[in-house]
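As a plain string of letters, each chain reads:
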Amino acid sequence: QVQLVQSGSELKKPGASVKISCKASGYTFTKYAMNWVRQAPGQGLEWMGWINTKTGNPTYGQGSTGRFVFSLDTSVSTAYLQISSLKAEDTALYYCTLEMGVPGAIQNNWFDPWGQGTLVTVSS
Amino acid sequence: QSVLTQPPSASGTPGQRVTISCSGSSSNIGSNTVKWYQQLPGTAPKLLIYSNNQRPSGVPDRFSGSRSGTSASLAISGLQSEDEADYYCAAWDDSLNGVVFGGGTKLTVL
């Protein structure tokens with residue numbers, strides 16, 4: 001079955017960088033776009049953007065420009081989220097999730113399934 | 001402040017029917033389809049409803065979605081204790097050029 005398995009929790013100091021992985025299995029990796037969603041402690045969901053798994057072209061949401069980089073390694077069916085210059089407000093659960101529906105029609109597509117989440121804690 | 005507005009909480013007793021509303025605008029719910037996600041405590045979100053009212057396989061037919069104008073709602077009938085979770089609506093926003101979520105509704109089964 002389609003499954004997304006994310007890397008483990010990270011504890012980082014302010015100013016450091018972190019790279020989270022999301023390994024996909026159970027389907028052809030380049031078939032679906034990969035999206036990233038974050039959830040601050042006790043808060044709601046925030047869409048960060050997506051990456052085209054065929055071309056590697058990323059698209060960032062309004063709140064995710066500059067310090068956030070989406071990347072892929074298609075040889076191991078893995079997507080990555082790298083965050084640089086970490087701040088305390090980056091402390092959150094980060095989820096990868098597949099975009100299902102009509103390819104290229106994100107307006108009406110949906111997210112399924114989701115990875116289990118990776119907790120990033122930024123603290124001095 | 002979320003772009004889509006949901007009540008922060010809702011509650012019901014076992015067997016009851018509850019509805020959760022999601023209010024948006026012409027740039028999101030008014031022009032794109034609505035999705036609903038269920039997040040059980042300590043777990044990742046799970047797709048509950050897509051394309052306004054479609055249920056993925058495995059989702060009980062106790063869950064139903066609807067959209068009218070710039071608002072949407074999720075109805076849960078025959079409420080069960082395992083339905084206690086946070087529920088989020090989502091849609092694409094043409095003005096923001098991105099996916100927007102509601103702030104989430106915490107459902108308590110009394």
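Here the structure is a predicted model, which means the values were calculated and not measured.

Student: Sorry if this is basic, but what is going on with unusual backbone geometry here?
Tutor: It is generally the case that most residues other than glycine have a negative phi and that most peptide bonds are trans. All names here are of chain A. Residue Pro-113 is bonded to the preceding Asp-112 through a cis peptide linkage, with omega at -5°. Relative to the helices and strands, Pro-113 is located in strand β10 (residues 110-114). Look at Ser-85: it is not a glycine, yet its phi comes out positive at around 45°. By the secondary structure assignment, Ser-85 is in the loop between β8 (78-83) and β9 (92-100). Take Ser-85: its relative accessible area is 40%, and that puts it in the partly exposed class.

Student: I tried to follow the side chain of Thr-78 of chain A on my own but got confused; where do I start?
Tutor: You can see Thr-78 of chain A is positioned in strand β8. Residues within four places of Thr-78 of chain A in sequence aside, it is in contact with Ser-21, Cys-22, Lys-23, Phe-29, Ser-71, Leu-72 and Asp-73 of chain A.

Student: Honestly, the interface of chain A and chain B in this entry has me stumped. Any pointers?
Tutor: The partner chain B presents 20 residues to the 19 residues of chain A that form the contact. Taken together, the two surfaces of chain A and chain B that pack against each other cover about 1,600 Å², and 64% of this comes from carbon and sulfur. Counting across the interface, chain A meets chain B through zero salt bridges. Across the chain A-chain B interface, the total number found is eight residue pairs in polar contact (both at pLDDT 80 or more). At the level of secondary structure, the elements contributing two or more residues to the side of chain A that touches chain B comprise β4 (34-39), β5 (45-51) and β10 of chain A. A per-element tally of the side of chain A that touches chain B places β10 of chain A first, with four residues. For the side of chain A that touches chain B, the residue count by class is eight nonpolar, nine polar and two charged.

Student: Hey, could you run me through the state of the cysteines in this one?
Tutor: Using the criterion set out here, one finds two disulfides over all chains in the structure. Note that Cys-22 of chain A is cross-linked by a disulfide to Cys-96 of chain A, the S-S spacing being 2.0 Å. Taking the torsion about the S-S bond as the criterion, the Cys-22 of chain A to Cys-96 of chain A disulfide, at about 80°, is right-handed. Taken as a pair, Cys-22 of chain A in strand β3 (residues 18-25) and Cys-96 of chain A in strand β9 lie far apart in primary sequence, 74 residues in all. When sorted by exposure, Cys-22 of chain A lands in the same class as Cys-96 of chain A, which is buried. Residue pairing for Cys-22 of chain B: its cysteine sulfur links by disulfide to Cys-89 of chain B, the two sulfurs lying 2.0 Å apart. Torsion about the S-S bond of the Cys-22 of chain B and Cys-89 of chain B cystine: about 75°, corresponding to right-handed handedness. Of this pair, Cys-22 of chain B sits in strand β2 (residues 18-23) while Cys-89 of chain B sits in strand β7 (residues 85-93); the two residues are 67 residues apart in sequence, bridging distant segments of the chain. Both residues of the pair, Cys-22 of chain B and Cys-89 of chain B, belong to the buried class.

Analysis parameters
Residues numbered from 1 in each chain as written. Chains lettered and ligands numbered in written order. Predicted model: local features only at pLDDT ≥ 70, side-chain atom pairs only at ≥ 80, totals over all residues. Heavy atoms only, no water. Helix = DSSP H or I, 4+ residues; strand = E, 2+ residues; numbered from the N terminus. Buried < 20%, exposed > 50% of the residue type's maximum accessible area, 1.4 Å probe, protein only. Contact = heavy atoms within 4.5 Å. Buried area = accessible area lost by both parts, 1.4 Å probe. Salt bridge = Lys/Arg side-chain N within 4 Å of Asp/Glu carboxyl O. Polar contact = N/O pair within 3.5 Å; in protein donor to acceptor, adjacent residues only side chain to side chain. Nonpolar A, V, L, I, M, F, W, Y, C, P; charged D, E, K, R; others polar. Disulfide = S-S within 2.5 Å.

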